[in-house]
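Summary of structural features
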Amino acid sequence: AQKVTQAQTEISVVEKEDVTLDCVYETRDTTYYLFWYKQPPSGELVFLIRRNSFDEQNEISGRYSWNFQKSTSSFNFTITASQVVDSAVYFCARHGGADGLTFGKGTHLIIQP
Amino acid sequence: GAGVSQTPSNKVTEKGKYVELRCDPISGHTALYWYRQSLGQGPEFLIYFQGTGAADDSGLPNDRFFAVRPEGSVSTLKIQRTERGDSAVYLCASSPQGAGGTEAFFGQGTRLTVV
């Protein structure tokens, strides 16, 4: 199986700190897509970003930014000036081929006031 | 409705019973996915429909699990002879096209507890 690894099980920071969530993926596909989803306590998965394998440009959206590096098979996610509302479980996922998304085990992010 | 709707939100059943979980995707979305999420884990792919047909059912754990989408819209995940290990949150997602080209929109899930 082509795995997605999120090595950080839980991260706890104080509000306003910057925090980076790591994601490393395996793939044999030439074309694939990478995703980040947020799962707040309510349980619904909320889409954050999709990136295709041909686009290595970093992306910034407000306080969120993503660093995609094919050379290291990594797709890391940084939250700048974290807020309590950012507390959630964050999942990195990969899509390649006909099947669905392959998710990592998630990183539980706790932002303390 | 505007989003993916799953019913029931919670289901408690006895070991050995049969259960059906329903998913109403976003109108017009041709792709529909079922995932299973156990406590502390990421969602695990079960099956993918493109229209009425199952394009990939490689994630179904065994033959007790079956899913249908007869009219290319609503889907039902069916579990026979439930076991305690089937307890999990079952998530449904839909997308306009399928494959990785677009994001998948997730429902809030059905929490299945087998006692």
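Before reading further, recall that the structure is shown in the block above.
So, a few notes on the structure that sits alongside this text.

Notes on the overall build of chain A
- Across its full length, chain A holds zero helices and 12 strands.
- Counting helices and strands in the order they occur from the N terminus, chain A gives β-β-β-β-β-β-β-β-β-β-β-β.
- Across its three principal directions, the C-alpha atoms of chain A cover 45 × 25 × 20 Å.
- Counting over 113 residues, chain A shows a buried share of 44%.
- Residue pairs in contact within chain A that sit at least 24 positions apart in sequence constitute 54% of those at least 6 positions apart.
- By element, 48% of the accessible surface of chain A is carried by carbon and sulfur atoms, the whole surface being about 5,500 Å².

Some points on the overall build of chain B
- Secondary structure summary: chain B contains zero helices and 11 strands in total.
- Taken from the N to the C terminus, the helices and strands of chain B come in the order β-β-β-β-β-β-β-β-β-β-β.
- Its C-alpha radius of gyration of 13 Å places chain B within 12% of the 13 Å reference for a compact globule of 115 residues.
- When each of the 115 residues of chain B is scored for burial, the buried share is 47%.
- Taking the contacts inside chain B whose residues are at least 6 apart along the sequence as the reference set, 54% of them involve residues at least 24 apart.
- Counting 11 positive and 11 negative side-chain charges, chain B places the averaged centre of each group 8 Å from the other.

Some points on the nonpolar core
- Ranked by internal contacts, the top residues of the largest apolar core, which has 22 residues, are A:Trp36, A:Phe77 and A:Tyr90.
- Put simply, the parts of the chain that give this core at least two residues each are strand 2 (10-14), strand 3 (19-21), strand 5 (33-39), strand 8 (64-69), strand 9 (74-79), strand 10 (88-95) and strand 12 (107-112) of chain A.
- If sequence neighbours within four positions are ignored, A:Tyr90 has contacts with A:Gln6, A:Leu21, A:Trp36, A:Tyr37, A:Lys38, A:Leu48, A:Tyr64, A:Phe77, A:Ile79, A:Gly106, A:Thr107 and A:Leu109.
- Formed by 20 residues, the second largest nonpolar core is a distinct cluster that contains B:Cys23, B:Leu32, B:Leu46 and B:Ile47.

Examining the side chain of A:Ser53
- One can find A:Ser53 in the loop between strand 6 (46-52) and strand 7 (59-61).
- Every residue in contact with A:Ser53, bar those within four places of it in the chain, is listed here: A:Thr30, A:Thr31, A:Tyr32, A:Phe68 and A:Lys70.

Some details on the interface of chain B and chain A
- Taken together, the 20 residues of chain B in the interface contact 17 residues of chain A.
- Around 1,600 Å² of area is buried between chain B and chain A when both sides are counted, 55% of it from carbon and sulfur atoms.
- Linking chain B with chain A are zero salt bridges, by the criterion used here.
- For the pair chain B and chain A, the number of links is four residue pairs in polar contact (both at pLDDT 80 or more).
- Contributing elements (two or more residues each) for the side of chain B that touches chain A: strand 4 (31-37) and strand 5 (44-50) of chain B.
- When residues of the side of chain B that touches chain A are assigned to their parent elements, the largest contribution, three residues, is made by strand 4 of chain B.
- Among the residues making up the side of chain B that touches chain A, the classes are represented as nine nonpolar, nine polar and two charged.

Thresholds applied
Residues numbered from 1 in each chain as written. Chains lettered and ligands numbered in written order. Predicted model: local features only at pLDDT ≥ 70, side-chain atom pairs only at ≥ 80, totals over all residues. Heavy atoms only, no water. Helix = DSSP H or I, 4+ residues; strand = E, 2+ residues; numbered from the N terminus. Buried < 20%, exposed > 50% of the residue type's maximum accessible area, 1.4 Å probe, protein only. Contact = heavy atoms within 4.5 Å. Areas by Shrake-Rupley, 256 points an atom, 1.4 Å probe, with all protein chains shown as cover. Rg over C-alpha atoms; globule rule 2.2 N^0.38 Å. Lys, Arg positive; Asp, Glu negative; His and termini not counted. Charge placed at Lys NZ, Arg CZ, Asp CG, Glu CD. Core = buried A, V, L, I, M, F, W, Y, C linked by side-chain atoms within 4.5 Å. Buried area = accessible area lost by both parts, 1.4 Å probe. Salt bridge = Lys/Arg side-chain N within 4 Å of Asp/Glu carboxyl O. Polar contact = N/O pair within 3.5 Å; in protein donor to acceptor, adjacent residues only side chain to side chain. Nonpolar A, V, L, I, M, F, W, Y, C, P; charged D, E, K, R; others polar.

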